[in-house]
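Survey of secondary and tertiary structure
Now for the letters of each chain:
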Amino acid sequence: MVGFDPHEKIHLSSTAHALAGAVSGAASRALTQPLDVIKIRFQLQVEPLNNTPQSKYKGLVQAFQCIIKEEGTAALWKGHIPAQILSVVYGVAQYSSFEILTKGIWQYLPEALTTTYRPITHTVCGGISGSLATAFIFPIDVIRTRFVAQGEPKLYISLTHAVTSIMRKEGIGGFYRGLIPSLIQIGPQMGFQFGFYSLFTGLWNKSLGILPTRQAESLEAIVCGSGSGALSKLMIYPLDVVKKRLQVQGFEEARKFFGVVRNYNGLIHCVILSIQEEGIRSLFKGLYPSLLKAALVSGINFCVYENVCRLLVLYNAKIDR
C-alpha cells in the first residue's frame, strides 16, 4: 500500500493518504517518545556516556532511572505536545507528497520505474518527500528538541511561551537552527527508509509468498519497516547528533544542569570541535536508543499506515456499492 500501485482496483485520494500518515505518525510518536527523550539527552551530553563521575547519563537503564528520579515519570514524555504536532504534520506532508510523486512517476516516466526498479524509485521519492516535510515542520522540531533538552527549573513553560521567547531573543532564524544538517540527514535517511522498505517487502513476498491474512500483512509491515528504519538511521546517524547540538544553540541556560555547554559556529565547526574534544565516538552518542527508536517508529509507522489505507479502501468500496 506504500507508494502508487497501478494494479490496485481502488486508488485513495491525497486526503486519504494524508489521514493515514497523520494517524501513523501520532501512534508511533506516542509509543516511542521516551526513547526519543533519552536519545536527545545522550546526543547533547558532552561528557562520555560511561560510568565516570563527571557524566550525568551513563547508559540506557541508568538514564531512565535518573530522569524518573529527578524529574518524574512524566519527564519521559517531555516535549510530547510539540512532538505529536511534529509527527502528525510530518506524516501528512511526507506520505501525501510521496504518494503524489510515485503516482507522477508512473504517469509520466517508463513503467519499469514503478515495477522493476521500484526500490530505487521509492528511494528518490522518499528522499524528496522527507526533505519537503522536514523544511515544512522544522520550527516545531526545534521547539520539541528544546523542551526535551531543558531540565528543572524549566526555561519554557508552554508552547506559546517557547515560540514568543525564541522570536524575541533569536528572531525567525532561531526556528531554523540546524536546518542544513537536518536536510542533509533527512533526505538520505527517508530515501533509504522507503527504498529499503520496498526492497524488503519485495523479498518477503518472493520468499514467503503473499499471505492474504491481515495478521500476515501487519507482520510484514512491522518486520520490513523496522529493518528499513534501523538501517537508514545507522547510515546517517552522525548528522542527527550534529543537528540536535545546533538546535539548542542559544539555549545554554537550560543546559547547565546537565553538564558542560558548548557553542558551535555551524555544521563543520560542530563536527570538528566534537571530534577534537570527545573523539569520533561523540558522533554516535545515543546510537543504541536511537536505533531502537528508529526501528520501532518505522515498523509501527508503516504498519499503521498500511492498515489505515486498507480500511479506507474497504470503506470506499462499500460506498461504491
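Residues numbered from 1 in each chain as written. Predicted model: local features only at pLDDT ≥ 70, side-chain atom pairs only at ≥ 80, totals over all residues. Heavy atoms only, no water.

Take the overall build of the chain next. For the chain, the count of helices and strands is nine helices and zero strands. Helices and strands in the chain line up, N terminus first, as α-α-α-α-α-α-α-α-α. Principal-axis analysis of the C-alpha atoms places the extent of the chain at approximately 65 × 40 × 35 Å. When burial is assessed residue by residue, the chain has 52% of its 321 residues classed as buried. Roughly 14700 Å² of accessible area belongs to the chain as shown, and the carbon and sulfur atoms make up 67% of that amount. (Helix = DSSP H or I, 4+ residues; strand = E, 2+ residues; numbered from the N terminus. Buried < 20%, exposed > 50% of the residue type's maximum accessible area, 1.4 Å probe, protein only. Areas by Shrake-Rupley, 256 points an atom, 1.4 Å probe, with all protein chains shown as cover.)

Counted under the stated rule, the structure contains 16 salt bridges. One salt bridge in this structure joins glutamate 217 and arginine 310, with 3.2 Å as the shortest N-O distance. Of this pair, glutamate 217 sits in helix α7 (residues 214-247) while arginine 310 sits in helix α9 (residues 287-320), and the two are 93 residues apart along the sequence. A salt bridge links lysine 233 to aspartate 240; the nearest nitrogen and oxygen atoms lie 3.0 Å apart. For the pair shown, lysine 233 and aspartate 240 are each scored as buried. (Salt bridge = Lys/Arg side-chain N within 4 Å of Asp/Glu carboxyl O.)

Looking now at the packing of aromatic side chains. Under the criterion given, the structure shown has 12 aromatic pairs. Here phenylalanine 42 and tyrosine 57 contribute two aromatic rings whose centre-to-centre distance is 6.4 Å and whose plane-to-plane angle is 50 degrees, an arrangement assigned as tilted. Of this pair, phenylalanine 42 sits in helix α1 (residues 14-44) while tyrosine 57 sits in the loop between α1 and α2 (60-71), and the two are 15 residues apart along the sequence. The burial state of phenylalanine 42 is the same as that of tyrosine 57; both residues are buried. (Phe/Tyr/Trp six-rings, centres within 6.5 Å; stacked < 30°, edge-to-face > 60°.)

Counting residues in each nonpolar core, the largest one holds 20 residues, and the members touching the most others are Val2, Leu12, Phe194, Tyr197, Phe302 and Tyr305. At the level of elements, α1, α3 (80-108), α6 (179-208), α7 and α9 are the ones that each hand at least two residues to this core. Here this core gets seven residues from one element, more than from any other, and that element is α9. Core analysis: the next-biggest nonpolar cluster, separate from the first, contains 15 residues, Tyr57, Leu60, Ala149 and Val248 among them. (Core = buried A, V, L, I, M, F, W, Y, C linked by side-chain atoms within 4.5 Å.)

A few words on the environment of valine 23. When you line up the elements, valine 23 lands in helix α1. A relative accessible area of 35% places valine 23 in the partly exposed class. Between the C-alpha atom of valine 23 and that of valine 223, which follows or precedes it by 200 residues, the distance is 19 Å. Those residues within four positions of valine 23 in sequence are excluded, and the remaining contacts are Val304 and Val308. (Contact = heavy atoms within 4.5 Å.)

One way to put it is that α1 packs onto helix α4 (residues 118-149) with a least axis distance of 9 Å and a crossing angle of 75 degrees. What the angle tells us is that α1 and α4 run roughly perpendicular. Here Arg29, Gln33, Asp36, Val37, Ile40, Arg41 and Leu44 of α1 lie close against α4, whose contacting residues are Arg144, Thr145, Val148 and Ala149. Residues belonging to the contact of α1 with α4 are distributed by class as follows: five nonpolar, two polar and four charged. (Axes fitted to C-alpha atoms, helices over the stretch in contact; angles between N-to-C directions. Parallel < 35°, antiparallel > 145°, perpendicular 65-115°, else oblique. Nonpolar A, V, L, I, M, F, W, Y, C, P; charged D, E, K, R; others polar.)

Moving on, we get to the confidence of the model for the chain. Chain-level statistics for the chain give a pLDDT mean of 85 and a share of 92% at 70 or above. When mean pLDDT is taken per element in the chain, α3 scores highest with 90 and α7 scores lowest with 86. (pLDDT = per-residue confidence, 0-100.)

What follows concerns α1. Taking 1.5 Å as the rise per residue, α1 with 31 residues should run 45 Å; its terminal C-alpha atoms sit only 38 Å apart, a clear shortfall. At threonine 32, α1 is bent by approximately 60 degrees, the largest bend along its length, and proline proline 34 sits one to four residues beyond. Across the 31 residues of α1, 23 count as buried, placing the element largely inside the fold. (Expected span 1.5 Å × (residues − 1). Bend = angle between axes of the 7 residues up to and from the residue.)

Residue placement: glutamine 185 occurs in helix α6. Using a relative accessible area of 1% as the deciding quantity, one classes glutamine 185 as buried. There is a polar contact of 3.0 Å between the side chain of glutamine 185 and the side chain of glutamine 189. Leaving out residues up to four positions away in the same chain, glutamine 185 has contacts with Lys233, Ile236, Leu239, Asp240 and Lys243. (Polar contact = N/O pair within 3.5 Å; in protein donor to acceptor, adjacent residues only side chain to side chain.)

In this section: the environment of leucine 314. Following the sequence through the fold, leucine 314 ends up in helix α9. As a C-alpha pair, leucine 314 and isoleucine 10 span 304 residues in sequence and 9.1 Å in three-dimensional space.

Taken as a whole and judged by the stated rule, the model has zero disulfides. For the unlinked cysteine cysteine 309, the closest cysteine sulfur is that of cysteine 303, found at 12 Å. (Disulfide = S-S within 2.5 Å.)

Another aspect to go through is the packing of α3 against α4. Between α3 and α4, the least distance of the axes is 8 Å, while the angle of their chain directions is 165 degrees. Of the possible angle classes, the one that applies to α3 and α4 is roughly antiparallel. Where α3 crosses over α4, the handedness of that crossing is right-handed. By residue class, the composition of the contact of α3 with α4 is 18 nonpolar, nine polar and two charged. (Left-handed = near helix turned anticlockwise from the far one by under 90°.)

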